[in-house]
Amino acid sequence: MSSDGTGGADRAGTPVGRRVILAMLGLGAAGATVGGYLQNGIDNVLASVTAKDPTGLSGLLPGGGGFRFYSVADTIPHRSPADYRLTVDGLVERPATYTLAQLQAMPRTRLVKDVQCVTGWRVPHTPFTGVLLSHLLDEAGVRPGAKALTFTCFDGVYSESLTLDQARRPDMMVAYAMDDRPVTDAHGGPVRLYAAPMYFYKSAKWLSGITVTDHVQPGYWEHYGYDVDAWVGKSNGRTDAPTD
Amino acid sequence: MPLPTDATHTTGEAGAPELLRRFTTAERWIHRTTALLMVIALITAAFLYLPALAELVGRRRLLVTVHEWAGITLPVPLLLGLLSRAFRADLGRLNRFGPHDRGWVRAALRGHHRPSGKFNAGQKLYAAVIAGAVLVMIGTGLIMWFPHLAPLIWRTGSTFVHDWLALLIGVLVAGHIWMAARDPEARRGLRTGHVSRTWARREHPLWEKEQRGE
């Protein structure tokens, strides 16, 4: 008998392989249909497991809780608290450059809300401390015709934007503390933006400049299709609960 | 009587070839390119997903692009391979479970050895599960890649399936590499295309018998 085509130990029998593939496709489709609800339940279980897990390994499972590190730059940029500067310029009466100490001497605000990423993960009750953007804008004196803010970052790549009205909200701040500790390098320290009611890509890490402009200049991810007005639960096609 | 076409050369008075041809050049390149794409997809996945690794490299946008293209092109080597008759024949062998495959997995888990054909039941199941998993990963991946294609509830569900199935694939591929690491002769089969008859007799006796033209 020929070794190709017919005959041989493996050439007859049940087509189990095809059935397994079809079963996988069925399971995959079913999982994609109900997965949204399942993940919520698994998140709750994993959150309680992670809280008691000394190894931290459970944090690596999908939905295992905690922050995930996203950066578009090639390395983690570093500025020491002494070297750090924040410039405020553009359509303002008094452009300024602030040191970290100067920011910390301004009226401080502490907000405790959830952090919601547009990719789905959420970290509950995360305290941020810093200076409200509205205070910095008042210090600089916004000139007529100003409509928006552009944020630049010392990673050299990232940028973000807010309208003037959004920036004046009492939950939009320049944060220098997270979890009541100085913001770490990996989390965007020493100073990052914290746009509490919006998806976390708006909260630019490694903030180095605020420029007041006459129109909204879309930020980094917004060039790749993310919404400019990134309200949690009301943008990017998502329906997450508000972060309050 | 037709000659066994898989045998490369015959030696000895018994006519038993020392080396058996196990895979053609086309089949070996299908395996290599698929393996390369799979490794790229898994490594980029790890660097996108695990914070400790993500902190090392950053460059999220680049990693996402590489991951997407490695994933979407994963079936291409297999599809091109359908042009090869030998590859199609082996796909047929992987698909079919004969009487000798029944109970093979249970026996293997207990440490017993059951005779198998060119592929044992474990290899057949691995091939089918990976093939199905890759298709599901491509489907869910496309929904995440092009968010405007599908409603939100599908996207959340797709992320759920993609994340957990990625873990399963990682474990399966690690197991696959671990099995290969313990079997130099199996690796030689995929490197040179040939295996020794003694190995074939031990690991795939029904196939070895078939190669003798019996």
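Throughout this document, residue positions are counted from 1 along each chain, in the order its sequence is written. To label them, take the chains in the order written and letter them from A, then take the ligands in the order written and number them from 1. Confidence filtering applies because this is a predicted model: local features only for residues at pLDDT of at least 70, side-chain atom pairs given and counted only at 80 or more, and all residues used for totals across whole chains, interfaces and linings. Excluded from the side-chain calculations are hydrogens and water; all other atoms, namely the structure's heavy atoms, are used.

Considerations on the interface of chain B and chain A
Then comes step 1: Throughout, a residue-residue contact means that at least one pair of heavy atoms, one from each residue, lies within 4.5 Å. Opposite the 56 residues of chain B that make contact, chain A presents 51 residues.
Then comes step 2: The term buried area refers to how much accessible surface (probe radius 1.4 Å) is lost by two components on association, counted for both of them together. When the buried surface of chain B facing chain A is broken down by residue, Arg60(B), Arg61(B) and Phe160(B) rank first, second and third, together holding 14% of it.
Then comes step 3: A pair is scored as a salt bridge if a Lys or Arg side-chain nitrogen falls within 4 Å of a carboxyl oxygen belonging to Asp or Glu. Here chain B is connected to chain A by 0 salt bridges.
Then comes step 4: Each polar contact in these results corresponds to two N or O atoms within 3.5 Å; when the atoms are within protein, one needs to be able to donate a hydrogen and the other to accept it, and residues that are neighboring in sequence are counted only if both atoms are side-chain atoms. Across the chain B-chain A interface, the total number found is 5 residue pairs in polar contact (both at pLDDT 80 or more).
Then comes step 5: Secondary structure follows DSSP: runs of H or I at least 4 residues long count as helices, runs of E at least 2 residues long count as strands, and numbering of each begins at the N terminus. If you list the elements that add at least two residues to the side of chain B that touches chain A, you get helix 1 (25-49), helix 2 (51-57), helix 3 (60-72), helix 5 (85-95), helix 7 (121-145), helix 8 (152-181) and helix 11 (205-211) of chain B.
Then comes step 6: The greatest single-element share of the side of chain B that touches chain A, amounting to 14 residues, is contributed by helix 8 of chain B.
Then comes step 7: Amino acids outside the nonpolar list (Ala, Val, Leu, Ile, Met, Phe, Trp, Tyr, Cys, Pro) and the charged list (Asp, Glu, Lys, Arg) are all regarded as polar, and Gly is one of them. Across the side of chain B that touches chain A, the residue classes tally to 27 nonpolar, 13 polar and 16 charged.

A look at the packing of helix 1 of chain B against helix 3 of chain B
All names here are of chain B.
Then comes step 1: As a packed pair, helix 1 and helix 3 sit with axes 9 Å apart at the nearest point and diverge in direction by 150°. One way to sum up the angle between helix 1 and helix 3 is to call them roughly antiparallel. The handedness of the crossing between helix 1 and helix 3 is left-handed. For the pair helix 1 and helix 3, contact is made by Leu37, Ile40, Ala41, Thr44, Ala45, Phe47 and Leu48 and by Arg60, Leu63, Val64, Val66, His67 and Ala70, respectively.
Then comes step 2: In terms of residue class, the contact of helix 1 with helix 3 is built from 10 nonpolar, 2 polar and 1 charged. Here an angle of 0 to 180 degrees is reported between the N-to-C directions of two axes, which are lines fitted to C-alpha atoms, with helices fitted over the stretch in contact. We call two directions roughly parallel when the angle between them is under 35 degrees, roughly antiparallel when it is over 145, roughly perpendicular when it lies between 65 and 115, and oblique otherwise. Here is the rule for handedness: rotate from the far helix to the near one, and if that takes an anticlockwise turn smaller than a right angle the crossing is left-handed, while a clockwise turn gives right-handed.

Digging into the UniProt feature "transmembrane region" (unreviewed entry) in chain A
Then comes step 1: UniProt positions are given in the numbering used here, feature names are shortened, and annotations may be inferred rather than shown by experiment. Look at the UniProt record and you will see "transmembrane region" (unreviewed entry) annotated at residues 20-38 of chain A.
Then comes step 2: Secondary structure content for residues 20-38 of chain A is 100% helix and 0% strand, and the end C-alpha separation is 23 Å.

Observations concerning the UniProt feature "transmembrane region" (unreviewed entry) in chain B
Residues and elements named next belong to chain B.
Then comes step 1: Feature annotation in UniProt places "transmembrane region" (unreviewed entry) on residues 29-49, 69-87, 125-144 and 164-181, given in this structure's numbering.
Then comes step 2: Here residues 29-49 is 100% helix and 0% strand, with 30 Å between the C-alpha atoms at its ends.
Then comes step 3: Overall, residues 69-87 shows 68% helix and 0% strand. The separation of its end C-alpha atoms is 24 Å.

A few points about the sheet that holds strand 5 (residues 148-153) of chain A
Two strands in a sheet stick together by hydrogen bonds in their backbones, pointing the same way (parallel) or opposite ways (antiparallel).
Residues and elements named next belong to chain A.
Then comes step 1: Reading across from one edge, 2-1-10-5-6 is the order of the 5 strands in this open sheet, with mixed pairing throughout. Each edge of the open sheet carries a strand with a single partner, namely strand 2 (96-99) and strand 6 (159-163). On average, each strand axis in the sheet is tilted by 15° relative to the strand beside it, whichever way the strands run.
Then comes step 2: Taken strand by strand, helix 3 (residues 133-140) contacts strand 1 (85-90), strand 2, strand 5, strand 6 and strand 10 (207-213), and its axis lies near 60° from that of strand 10. Between any two strands, at least two bridges found by DSSP are needed for them to pair.

Description of the packing of aromatic side chains
Then comes step 1: Aromatic rings from Phe, Tyr and Trp, taking only the six-membered ring of Trp, are treated as a pair when their centres fall within 6.5 Å; an angle between ring planes under 30 degrees marks them as stacked, one over 60 as edge-to-face, and anything in between as tilted. Per the stated rule, a full pass over the model turns up 10 aromatic pairs over all chains.
Then comes step 2: Seen in terms of ring centroids, Phe128(A) and Tyr194(A) are 3.9 Å apart; in terms of plane orientation they differ by 15°. Their pairing is stacked. Linking Phe128(A) in strand 4 (residues 122-132) with Tyr194(A) in strand 9 (residues 192-195), this pair joins segments that are 66 residues apart in sequence.
Then comes step 3: Its relative accessible area of 0% is what places Phe128(A) among the buried residues.
Then comes step 4: With centroids separated by 5.6 Å and ring planes inclined at 85°, the aromatic side chains of Trp69(B) and Trp145(B) adopt a geometry described as edge-to-face. Three exposure classes are used, based on accessible area relative to the maximum for each residue type with a 1.4 Å probe and protein chains only: buried under 20%, partly exposed in between, and exposed over 50%.

Details of the pattern of salt bridges
Then comes step 1: Counted according to the given criterion, the structure contains 17 salt bridges over all chains.
Then comes step 2: Among the salt bridges present, the one from Lys202(A) reaches Glu160(A), with a minimum N-O distance of 3.0 Å. Of this pair, Lys202(A) sits in the loop between strand 9 and strand 10 while Glu160(A) sits in strand 6, placing them 42 residues apart in sequence.
Then comes step 3: Notably, a salt bridge pairs Lys118(B) with Asp90(B), separated by 3.2 Å at the nearest N-O pair. Of this pair, Lys118(B) sits in the loop between helix 6 (104-109) and helix 7 while Asp90(B) sits in helix 5, and the two are 28 residues apart along the sequence. Like Lys118(B), the residue Asp90(B) is buried in the burial classification.
Then comes step 4: Each member of the salt-bridge network shares a partner with another, and the members are Asp90(B), Arg93(B), Lys118(B) and Glu210(B).

Topic: the nonpolar core
Then comes step 1: Nine residue types can take part in a nonpolar core, namely buried Ala, Val, Leu, Ile, Met, Phe, Trp, Tyr and Cys, and a core is a set of them joined through side-chain atoms within 4.5 Å. Counting residues in each nonpolar core, the largest one holds 47 residues, and the members touching the most others are Leu103(A), Leu133(A), Leu136(A), Val174(A) and Ile210(A).
Then comes step 2: Membership of the second largest hydrophobic core comes to 25 residues, among which are Val16(A), Leu37(B), Phe97(B) and Ala133(B).

As for the pairing of strand 1 of chain A
All names here are of chain A.
Then comes step 1: Pairing analysis gives 4 bridges linking strand 1 to strand 2, with the strands arranged antiparallel. Across the sheet, the residue bridging to threonine 87 is threonine 97, located in strand 2.
Then comes step 2: Here strand 1 hands over to strand 2 after 5 residues, the two strands then running antiparallel side by side.
Then comes step 3: Inspection of the sheet shows strand 1 paired to strand 10 by 4 bridges, in the parallel sense. Residue pairing in the sheet places threonine 87 in a bridge with glycine 209 of strand 10.

Considerations on the confidence of the model for chain A
Then comes step 1: Every residue gets a pLDDT, meaning the predictor's confidence in that residue, from 0 to 100. The pLDDT averaged across chain A works out to 86; a share of 85% of its residues lies at or above 70.
Then comes step 2: Here residues 1-7 of chain A is a poorly scored stretch, pLDDT under 50, and it has 16 contacts once near neighbours within four places are set aside; other chains count.

Concerning the pairing of strand 3 (residues 109-116) of chain A
Along a regular strand, successive side chains alternate from one face of the sheet to the other.
Residue and element names in this part refer to chain A.
Then comes step 1: Of all the 8 residues making up strand 3, 6 are buried; the element is thus mostly covered by neighbouring parts of the structure.
Then comes step 2: Inspection of the sheet shows strand 3 paired to strand 4 by 7 bridges, in the antiparallel sense. Following the sheet pairing, valine 112 is matched in strand 4 by proline 127.
Then comes step 3: In this antiparallel pair of consecutive strands, strand 3 and strand 4, the connection spans 5 residues, and glycine 120 shows a positive phi of 120°.

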